[in-house]
Amino acid sequence: MNLRSPLLLTAIYTLSATFANAANKWEEMDYGRFLSATYLNAEGKSTLDGKGSVTNKGIAIKLGKAEGQDAEGTLLFDTELLRMAGGWTGGWIKLKGVTFDGGHGPSPSPKEGVDMVFQTNPGPGWSKGTDFADPRKLPTGPGAAKVPFGPLPKEWAKYKGLYLSGDNVVLAYTVGGAMVMEMPAIETAGDAKLLSRTFNVVAPGAPSNLLIADGVEGTIATAEGDHAIVSDDAKNPDARLVIGVIGAPAGAKFVADGSRVLLQLPAFAAGQQFKVVFAKGPQADAGKLASAIKGASKPVDLKQFTKGGAPHWPEVAKTTGSLGTDDKGAYVVDTLTVPFDNAYKSWFRIAGLDFFKDGRMAVSTWSGDVWIVSGVDAKLENLQWKRYASGLFQALGLKIVDDQIYVLGRDQITRLHDLNGDGEADLYENFNNDVQVTPGFHEFTFDLETDPEGNFYFTKGGPVNPGGRGWGPLSDHNGCVFKVSKDGQKFEVFAAGIRAPNGMGVGPNGEITLGDNQGTWVPVDYIHYAKKGEFVEVPDLSHIDPPPTSHAPHLCWIPYDWDNSCGAHIWEMSDKWGPLKGQLLYLSYGKSSLFEVLQERVGDLMQGAVVKFPLKFDTGTMRARFSPIDGQLYVAGLKGWQTNGAKDAAVQRVRYTGKPVCMQNAIHITDKGIHVGFTSPLDPAAAGDKENYALQVSNYRWTSDYGSAEYKPSDPMQKGRDDLTITGVKVSDDKKSVLIEVEGLMPVDQYRLKMNIKSADGSEVPADVGGTINVVATESKPGETYSALR
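Quick caveat: nothing in here was measured; it's all calculated off a predicted structure.

**Regarding empty space enclosed by the protein**
Looking at the largest cavity, its volume works out to about 160 Å³. What lines the largest cavity is a set of 21 residues, among which T99, F100, P108, F393 and Q394 lie closest to the centre. By residue class, the composition of the lining of the largest cavity is 11 nonpolar, 8 polar and 2 charged. For the second largest cavity, the calculated volume is near 110 Å³. Those elements that provide at least two residues to the lining of the second largest cavity are β1 (34-39), β8 (157-165) and β26 (404-408). Taken together, the residues of the lining of the second largest cavity break down into 9 nonpolar, 5 polar and 1 charged.

**Focus on the nonpolar core**
One finds I212, I243 and I405 to be the most contacted residues of the largest nonpolar core, which totals 61 residues. Those residues within four positions of I212 in sequence are excluded, and the remaining contacts are F118, T120, I243, F254, V261, L262, L263, V276 and F278. One finds Y331, F626, F678 and I757 within the second-largest nonpolar core, a separate group that totals 47 residues.

**Observations concerning unusual backbone geometry**
In this model, D545 is joined to P546 through a cis peptide bond whose omega is 0°. For P546, the position within the fold is in the loop between β36 (534-535) and β37 (556-557). With a phi angle near 60°, L380 is a residue other than glycine that sits in the positive phi range. Structurally, L380 can be placed in the loop between β23 (370-374) and β24 (383-389). Look at L380 and you get buried, because its relative accessible area is 0%. Despite not being glycine, K735 shows a phi value in the positive range, around 65°.

**Overview of the side chain of T679**
Inspection of the secondary structure assignment puts T679 in the loop between β46 (673-678) and α4 (684-687). Polar contacts involving the side chain of T679 include one to the main-chain carbonyl oxygen of V661, which spans 2.6 Å. Each residue touching T679, except ones within four places of it in the same chain, is listed here: P579, L580, V661, C662, M663, N665 and K736.

**Details of the sheet that holds strand β45 (residues 664-670)**
The antiparallel open sheet is built from 4 strands, whose spatial order is β45-β46-β52-β51. This sheet does not close on itself; its edge strands, each paired only once, are β45 and β51 (726-731). The average undirected angle you get between the axes of adjacent strands in this sheet is 15°. Pairing of β51 with strand β52 (residues 737-742), which is carried by 5 bridges, proceeds in the antiparallel orientation. In the strand pairing of β52, G728 is matched with E741.

**Section: the packing of aromatic side chains**
One pass over the structure, following the stated rule, counts 35 aromatic pairs. With a centroid separation of 5.8 Å and 20° between ring planes, the pair formed by F77 and Y173 is classed as stacked. Taken together, the residues span a long stretch of sequence, with F77 in strand β3 (residues 73-78) and Y173 in strand β9 (residues 168-175) at a distance of 96 residues. Among the residues examined, Y173 registers a relative accessible area of 0% and is labelled buried. One aromatic cluster is present, formed by F77, W126, Y159, Y173, F199, F268 and F274 through successive ring pairs. The ring of W92 carries the charged tip of K62 above its face, separated from the ring centre by 4.3 Å.

**Let's talk about the confidence of the model for the protein**
Low pLDDT marks stretches whose predicted atomic positions should not be read closely. Looking at the protein, the pLDDT average stands at 93 and 95% of residues meet or exceed 70. The low-confidence segment residues 1-22 (pLDDT under 50) makes 88 contacts with residues lying over four places distant or belonging to another chain.

**Description of the pairing of strand β10 (residues 178-189)**
Counting buried positions along β10 yields 11 of 12 residues, so the element is predominantly enclosed. As paired elements, β9 and β10 share 5 bridges and run antiparallel to each other. Along β10, the bridge assignment pairs V175 with A178. Between β9 and β10, which follow one another and run antiparallel, lie 2 residues, and G176 among them has a positive phi close to 60°. For β10 and strand β11 (residues 192-203), the ladder comprises 11 bridges, and the chain directions are antiparallel. Opposite P184, over in β11, you have R197 as the bridge partner. Remark: 2 residues form the turn of the hairpin made by β10 and β11, two consecutive strands paired antiparallel; G190 in that turn has positive phi of roughly 65°.

**As for the pattern of salt bridges**
Here the structure, examined in full by the defined rule, presents 35 salt bridges. With a shortest N-O distance of 2.7 Å, K25 and D648 are connected by a salt bridge. Taken as a pair, K25 in helix α2 (residues 25-28) and D648 in the loop between β43 (633-638) and β44 (649-656) lie far apart in primary sequence, 623 residues in all. Given the relative accessible area of 29%, K25 is considered partly exposed. For D648, a relative accessible area of 12% puts it in the buried group. Put simply, K96 and D101 hold a salt bridge, and the shortest N to O gap is 3.0 Å. Its relative accessible area of 31% is what places K96 among the partly exposed residues. Beyond isolated ion pairs, a larger network of salt bridges with shared partners links D334, D630, R653 and R655.

So, how was this worked out
- Residues numbered from 1 in each chain as written.
- Predicted model: local features only at pLDDT ≥ 70, side-chain atom pairs only at ≥ 80, totals over all residues.
- Heavy atoms only, no water.
- 1 Å grid on protein atoms, 1.4 Å probe; cavity = no way out; pocket = protein on both sides within 12 Å on 5 of 7 lines; lining within 4 Å.
- Points joined across faces, edges and corners; volume = space filled by probe spheres on them.
- Nonpolar A, V, L, I, M, F, W, Y, C, P; charged D, E, K, R; others polar.
- Helix = DSSP H or I, 4+ residues; strand = E, 2+ residues; numbered from the N terminus.
- Core = buried A, V, L, I, M, F, W, Y, C linked by side-chain atoms within 4.5 Å.
- Buried < 20%, exposed > 50% of the residue type's maximum accessible area, 1.4 Å probe, protein only.
- Contact = heavy atoms within 4.5 Å.
- Polar contact = N/O pair within 3.5 Å; in protein donor to acceptor, adjacent residues only side chain to side chain.
- Pairing = 2+ DSSP bridges.
- Axes fitted to C-alpha atoms, helices over the stretch in contact; angles between N-to-C directions.
- Phe/Tyr/Trp six-rings, centres within 6.5 Å; stacked < 30°, edge-to-face > 60°.
- Lys NZ or Arg CZ within 6 Å of the ring centre and 35° of its normal.
- pLDDT = per-residue confidence, 0-100.
- Salt bridge = Lys/Arg side-chain N within 4 Å of Asp/Glu carboxyl O.

Shown next as structure tokens:
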């Protein structure tokens, strides 16, 4: 169905100073007319308890007059179950949880003091035939939750997306073969506040029943034709909920089933328009409420709201960037000044970025925004930031394909459309929402990448417990890498067994690389080449019974003091960024750093090392892209959990100055020693002196403990590192590689190679190389020197 038309992380997750000094930024922010999140009910219970207005993938929609975080009323829609989870008057939501106040456990819920008008318990919002039994399978394996997760089967019902037009939010979904649009609203009739759900049938389908309301245990519901009455719980026995329907199709009627109210509907016919209205008040006013419902406005044609509306975010924020001042280095860091002080008090914590073909940039934020940045030129003097979308569920990944923005939220990949060309998204299309979500605060979804065939990839962590050790109840998707087809229709688990994978990469030939953060079963961060169907690292998240007793070898482990929390990977494929084309780059969120990755393949095994660029960044680096215009590397990130970054957010450009680059660019481990290649010639005197090198090795313990100390290979029970003896150094004829001769090299988890050398022109060379030896190759020609090692 075409929605364009009406027919349609880490180390211990420590609370950082970000929140302590935020001055309630999460409460000051204008989130727009809706906010997608996991929601608790008014009693603070989650979907694991299975009662009331709880939803793992919910959209809380503001109704009526809305200023800041206030609203006359709210309806909460469950995009997985196609149910209206609840409705209330007197406010919007309480912003709690890791994205907002940093809390490790709670999620948003109805604002304190609101009047809860109705709720429904988790389960299908529409029946299949007359069947409301939840068809979703329970998760399996050790630690699995006892409730189902994920969306209903698409043949039952499927959320398609939402339209935003002025103050109106229109939901689009299918029920069986029928295409339905629905708009929540609030209005006043006399003294009564009325919540309503207006329905338009766009395409016909088989009969279905609509879940209207669920009462708590002991509640009594009665129904008669076009209205129903539900008594409140024992806490407020005088309250009555009156429900009516306006413009009901012929044959439609309310049915009471214990404490549950359903609306039985005949076969859907295109063009049908009807409206369900809710009013709540004292028992004595039940008659007045029924009269008020009959006086409610008639259902309207929702097509008028599917073409875009007036802009919501007309004010463009303007900033001036700054250029790096280092006049010696081959690479300098320029800064694109982020508009922290903006008209909408949007809390900038940037977690995704990409470029349009014309060089404009789009960024997404942890708080759920997308902004488009213009003026990204050489001088950065006139940057213009335009808010494009809001209300997304932790937008931790963004990809632009054919100039169309795709955003990864915890709930789905959303494809954004600007229907009327005003620079704002009017259609938030559900491109794919098959991923399962639990209430666990830490199970973020990360990054968004595409392969050469156009398939999408992203990762999802485990539901780490507060404090960082162990897990909450598991779904079948925790700790996995996912592949989504180019058209969004096919979803599959690509690999499993990752803990908190804040970042991945897809290479020019479809290579899939992963990173992970130290924690349970993860000794330190690592870089891994993933294979389809592979178990990677964490047995608890393998989705294999019994759990694996060994893990796949990694390209390399990364010393903890170099990187304690990973970011994304990106291949350097630009012709304008110096001599590193073809190299893999790695971002450290925890240490706000950029690394080059040295790789070699020995048989079927990959191994390699990392080298840090001598650059400083303003915040934890999360994502990076090369601009299609200037060919430079743009890095974005945030400060939201443990990092040495200072700012809430930053976008910075790593610009090649044209000066000589002398960095390690290749590694090769053999029984002769360690061959290291460089991008330009070395000073042969310094490079050939064995006293300018030092080599240490260590191993880690792979256990369910949080991380691992380093242990000596010579004595696995003793903490520390072994020093290896360097017997000599040979410099190649072209002076662009060295063989560091070491006898008895063996596979080790970690080696640290220190170099005190310089280039032929006297410029500095990075001093530290840290990597992993999975296999030691035998040199086929003893004494051979190496000048090209890639």
